[in-house]
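Examination of the molecular architecture
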Amino acid sequence: MKQSESQVRGYISNIQRYSIHDGPGIRTTVFFKGCPLRCGWCSNPETQKLLPEEMMDLKQGKKVITGEEKSVEDVIEIVCRDKVFYQESNGGITLSGGEALLQPEFARAILDTASACGIHTAIETTGFAEPCVFEQVADGADLILFDIKGIDEEKHIMNTGVSNKTILENLRAAAEKKRNVTVRIPVIPCHNATTEELQKIVDYSVSVGINRLELLPYHRLGEPKYRRLGRKYRWEGIPILTGEELKMLKSSLMIPDGVELMII
Ligand code: SF4
């Protein structure tokens with residue numbers, strides 16, 4: 001590891017080993033702190049603010065600090081512990097969050113260092129960043145798991161807090177550059193969980209050259225965290241989709257030949 005790279009520091013929320021839903025094989029997922037979006041259904045609200053913050057620990061019955069500053073070296077030391085599993089399963093490291101693009105130097109240094117160690121690299125991203133920042137990080141990743149939450153701009157602003165214009169342009173640019181991109185669609189009741197909305201996402205993705213898409217079912221596992229952070233959960237009371245409903249939605253979509261759509 002280059003000395004200067006290993007010293008780059010950034011804020012992370014958590015490092016999760018043995019992940020199986022964040023790209024191929026067994027992976028270590030590094031959850032970055034900080035996200036420019038505020039999705040009403042977010043299941044990782046503790047990652048939204050960049051800096052460490054207080055969160056109630058129910059076991060200890062008191063507030064503790066969630067999130068910490070780490071160096072690239074700290075992160076890579078943990079990631080390398082499971083190299084043997086990556087090799088056996090074609091796994092690797094995935095940067096998630098939060099949004100890794102908010103800390104581009106830190107993200108890129110982790111990706112470069114992992115690559116130099118022979119580890120497959122992926123980022124799961126909202127794609128919400130200046131194109132040059134997106135490029136800077138995307139260039140270092142073997143795989144981009146690109147979240148697309150909706151095509152309707154007004155609805156996107158209402159439910160995530162930001163426009164989707166830059167996101168859609170970054171997706172187009174990534175596909176044009178023939179990057180290895182999988183589009184991930186969180187299927188969210190009261191936002192995009194209709195054939196019409198999902199079809200628009202599929203159609204846009206396919207039109208820019210994407211041929212692999214994944215549907216991620218909405219869940220409410222993050223809801224208790226809002227209480228622990230003293231924040232309001234905007235999706236309170238909105239029921240999850242059943243597996244059957246999700247399968248029906250998937251089968252209602254028109255998917256061109258050569259395009260793969262999976263439920264994760
Ligand atoms: S983009 Fe992800 S981390 Fe950010 S607010 Fe939305 S769901 Fe949460």
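Each chain carries its own residue numbering, running from 1 in the written order of its sequence. For a predicted model such as this one, the threshold for reporting local features is a pLDDT of at least 70, and the threshold for listing and counting side-chain atom pairs is 80 or more; totals across whole chains, interfaces and linings nevertheless cover every residue. The basis for every side-chain value is the complete set of heavy atoms in the structure, and neither hydrogens nor water enter the calculation.

A short note on the sheet that holds strand β11 (residues 260-263)
Strand order in the open sheet formed by 9 strands is β5-β1-β2-β6-β7-β8-β9-β10-β11, and the pairing between neighbours is mixed. The open sheet has two free edges, formed respectively by β5 (68-71) and β11, since each of these has just one partner strand. Averaged over all neighbouring strand pairs, the angle between strand axes comes to 30 degrees, with direction disregarded. Two strands pair under a simple rule: DSSP has to find at least two bridges between them. Secondary structure elements are defined from DSSP: runs of H or I of at least 4 residues count as helices, runs of E of at least 2 residues count as strands, and each element is numbered from the N terminus. Relative to strand β6 (residues 92-96), strand β2 (residues 27-32) runs parallel, the two sharing 5 bridges. What sits directly across from Val-30, in β6, is Leu-95. When checking whether two residues touch, look at their non-hydrogen atoms; a contact exists if any pair is within 4.5 Å. Interaxial angles span 0 to 180 degrees and are taken between N-to-C directions of axes, which are lines fitted to C-alpha atoms, for helices over the stretch in contact. Helix α10 (residues 243-251) contacts β9 (181-187), β10 (212-217) and β11 of the sheet and is inclined by roughly 170 degrees relative to β11.

Description of the layout of surface pockets
Space left empty within the atom packing is revealed by a probe, the size of a water molecule, rolled over the atoms. Here a cavity is any set of points on a 1 Å grid over the protein atoms alone where a 1.4 Å probe fits but cannot get out, and a pocket is any open set with protein on both sides within 12 Å along at least 5 of 7 lines; a residue lines the site when it has an atom within 4 Å of a point. Grid points are joined across faces, edges and corners, and a volume is the space filled by probe spheres set on the points. A volume near 920 Å³ is recorded for the largest pocket. In terms of lining, the largest pocket is formed by 35 residues, of which the most central are Ser-43, Asn-44, Glu-124, Leu-216 and His-219. At the level of secondary structure, the elements contributing two or more residues to the lining of the largest pocket comprise β1 (9-19), β7 (120-125), β9 and β10. Grouping the constituent residues of the lining of the largest pocket by class yields 14 nonpolar, 14 polar and 7 charged. Only Asp, Glu, Lys and Arg are considered charged, only Ala, Val, Leu, Ile, Met, Phe, Trp, Tyr, Cys and Pro nonpolar, and every remaining residue, Gly among them, polar.

Observations concerning the state of the cysteines
Only a pair of cysteine sulfur atoms within 2.5 Å counts as a disulfide in this structure description. This model, assessed by the stated rule, comprises 0 disulfides. Cys-80 carries a free sulfur, and the closest cysteine sulfur to it, the one in Cys-117, is 4.2 Å from it. By relative accessible area, Cys-80 is classed as partly exposed at 27%. With no disulfide of its own, Cys-132 lies 18 Å from the sulfur of Cys-35, the closest cysteine sulfur. The class for Cys-132 is exposed, based on a relative accessible area of 58%. Exposure is judged per residue with a 1.4 Å probe applied to protein chains only, and the accessible area is read against the type maximum: over 50% gives exposed, under 20% gives buried, and values in between give partly exposed.

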